[in-house]
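Residue-level structure breakdown
If you want the building blocks of each chain, they are given just below.
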Amino acid sequence: MKRDDKGYLTYWNDEGKIRVFSGIQPSGELHIGNLLGAISNWVTFLDDYECIFCIVDHHATTIEYDPQKMPQWIFNAAVANMAAGLDPDRCTLFVQSEVPEHTELAWIFNTVTPYGDLSRMTQFKQKSEQYRHNVNVGLFTYPVLQAADILLYKASAVPVGEDQVQHIELAREIARGFNNRFGEVFPECQAHLTQAKRIMGLDGKNKMSKSLGNAIGILEPLESIWNKLRPAKTDERRQRKKDPGNPEECNIYTSYHCYFSPEKDLEWVRKGCTQAAMGCLECKKKLLDNMDKLLSPIRKKAQKYKDDPEFVYDVLSTGAEKARGIAEQVTEEAKKVMGLIRSS
Ligand code: AMP
Ligand code: TRP
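First, a word on scope: everything that follows refers to the structure included in this document. Keep in mind the model is a prediction, meaning the values are calculated, not measured.

**Quick notes on the side chain of Gln 190**
If you trace the backbone, Gln 190 turns up in strand 7 (residues 190-192). Setting aside residues up to four positions removed in sequence, Gln 190 forms contacts with Asp 4, Lys 6, Tyr 8, Ser 156, Ala 157, Val 158, Ile 168 and Arg 172.

This is the structure in structure tokens:
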């Protein structure tokens, strides 16, 4: 391990590549916030980094869920991620609970994580409000497991949306805490954000989220997307077609058009909206067209994977085996410096 040009302790693998790790919860359908804020960013790392992506089922069980449905959700998450561009030939994709070292390292990290740091986590505060009837300890120590996910592979780069930055900073602090106490084992991981750091939901008030019912699924049929898009809130000034609006204050423009539409269409929207030359519905139809251009190849690919579950499960088993190979070594290294395994 060496320091990078920003001064962070960084790990390069035997081929001189930095490892990238990111995780996604198998809780319901992936939405365009995940696609724009996470997966399309992940894809950009495939060629120059060693990429490891994980379906984090142990994280998903910190809120109430239906055990009967979990296997299907895990499968769907694998399908959607692969369809959205995680080419299994160029990355490792696996399911967290198939590599038990994640929970083992999480326990180890529990012992070097200050209680006060965890209680400051915004996501914990939000989720303990949202799921008041089930504020379990797992929800509280969730970021410790997340730190274990990343550091188990000595990953230095973690592409995530803005909501996860605090967790990645905590993971870095945990690495430092461990290294100071026991010796230099873990890199000081850093978050890598995309341009689409925080995609808002259709309500225009909250970030797009599976649990808030304001999301557009990436595999959702076009009619169903239109049924959500048509009534969605636009710039409040545009009550009637002849009122001019301001695209920069319209959720439809800033959260969706900006990412799905080419510059010539954006220009058409800006002009039409500010000059009241077109209605919101017309603008939304153009958006729907552009969304379909991007989503329909993903839907087609997903269907191909859905029709071949054996292939999908094979990718996940191969991924878990590869992940285990690294995870076992790193856990052993950590346990050695902690005095839990005799050194020779
Ligand atoms: P989750 O669905 O919570 O497992 O999130 C998976 C990844 O998607 C994480 O990197 C999140 O930061 C990212 N993400 C989730 N929702 C959004 C959103 N509305 N905008 C941008 N990124 C998001
Ligand atoms: N907590 C992340 C989320 O809700 C998912 C996650 C779990 C993750 N482990 C991770 C993300 C490790 C990046 C790295 O989105």
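**A closer look at helix 7 (residues 137-151)**
The α-helix winds at 3.6 residues per turn, so residues separated by three or four positions along the chain end up facing the same way. Over its 15 residues, helix 7 extends 21 Å from the first C-alpha to the last, a length consistent with the 21 Å expected when each residue adds 1.5 Å. Roughly 40 degrees is the biggest bend found in helix 7, and it falls at Pro 143. Judged by how many residues are buried, helix 7 sits mostly within the fold: 12 of 15 residues are covered. Listed as buried for helix 7 are Leu 139, Phe 140, Tyr 142, Pro 143, Val 144, Leu 145, Gln 146, Ala 147, Ala 148, Asp 149, Ile 150 and Leu 151. Capping the start of helix 7, Asn 136 holds a side-chain oxygen 2.9 Å from the backbone nitrogen of Gly 138, two or three residues further along.

**Here's the deal with the site of ligand 1**
Near ligand 1 you find 17 residues, and of these Asn 34, Gly 161, Asp 163, Ile 199 and Met 208 are the closest. In this structure, Asp 163 approaches ligand 1 through a side-chain N or O atom, which is 2.5 Å from an oxygen atom. Burial of ligand 1 by the protein chains amounts to 92% of its free accessible area of 480 Å². Among the elements that make up the shell around ligand 1, the one with the highest residue count is helix 1 (residues 32-43) (four residues).

**Considering the pattern of salt bridges**
All told, the structure shown has 20 salt bridges when counted by the stated rule. Arg 176 is paired through a salt bridge with Glu 173; the nearest N and O atoms lie 2.9 Å apart. Of the two residues, Arg 176 and Glu 173 are both situated in helix 8 (residues 165-182); the distance of three residues between them amounts to about one turn of the helix. Here Glu 173 falls in the partly exposed class, since its relative accessible area comes to 40%.

**Points about the site of ligand 2**
Taken together, 13 residues form the shell around ligand 2, and within it Gln 25, Tyr 142, Gln 146, Asp 149 and Gln 164 come nearest. Interatomic distance of 2.9 Å between a side-chain N/O atom of Gln 146 and a nitrogen atom of ligand 2. Looking at which element gives the most residues to the shell around ligand 2, the answer is helix 7, with four residues. Residue composition of the shell around ligand 2, grouped by class: six nonpolar, six polar and one charged.

Thresholds applied
- Numbering of residues starts from 1 in each chain and follows the order in which that chain's sequence is written.
- Labels follow written order: the first chain is A, the first ligand is 1, and so on.
- Predicted model: local features are reported for residues with pLDDT of at least 70 only, side-chain atom pairs are reported and counted for 80 or more only, and whole-chain, interface and lining totals are derived from all residues.
- Hydrogens and water molecules were not included; the side-chain quantities draw on all heavy atoms of the structure.
- Strands are runs of DSSP state E lasting at least two residues, helices are runs of H or I lasting at least four, and both sets are numbered from the N terminus onward.
- The criterion used for residue contact is that any of the two residues' heavy atoms lie within 4.5 Å.
- Between the first and last residue of a helix there are one fewer steps than residues, each counted as 1.5 Å, and that sum is the expected span.
- By definition, a residue's bend is the angle between the axes fitted to the seven residues ending there and the seven starting there.
- Partly exposed describes any residue whose relative accessible area lies between the buried limit of under 20% and the exposed limit of over 50%, with all areas from a 1.4 Å probe on protein chains only and scaled to the type maximum.
- As used in this structure description, the phrase polar contact means that two N or O atoms lie within 3.5 Å; if the pair is within protein, one of them must be able to donate a hydrogen and the other to accept it, and residues adjacent in sequence are counted only when both atoms belong to side chains.
- We call a residue near a molecule or strand when any one of its heavy atoms sits within 4 Å of it.
- Surface accessibility follows the Shrake-Rupley procedure with a 1.4 Å probe radius. Residue values consider only the protein chains on display as shielding.
- Each salt bridge in this description consists of a side-chain nitrogen of Lys or Arg and a carboxyl oxygen of Asp or Glu lying within 4 Å of one another.
- Polar here means any residue other than Ala, Val, Leu, Ile, Met, Phe, Trp, Tyr, Cys and Pro, which are nonpolar, and Asp, Glu, Lys and Arg, which are charged; Gly is therefore polar.

Keep in mind these numbers describe shape, not what the thing actually does.
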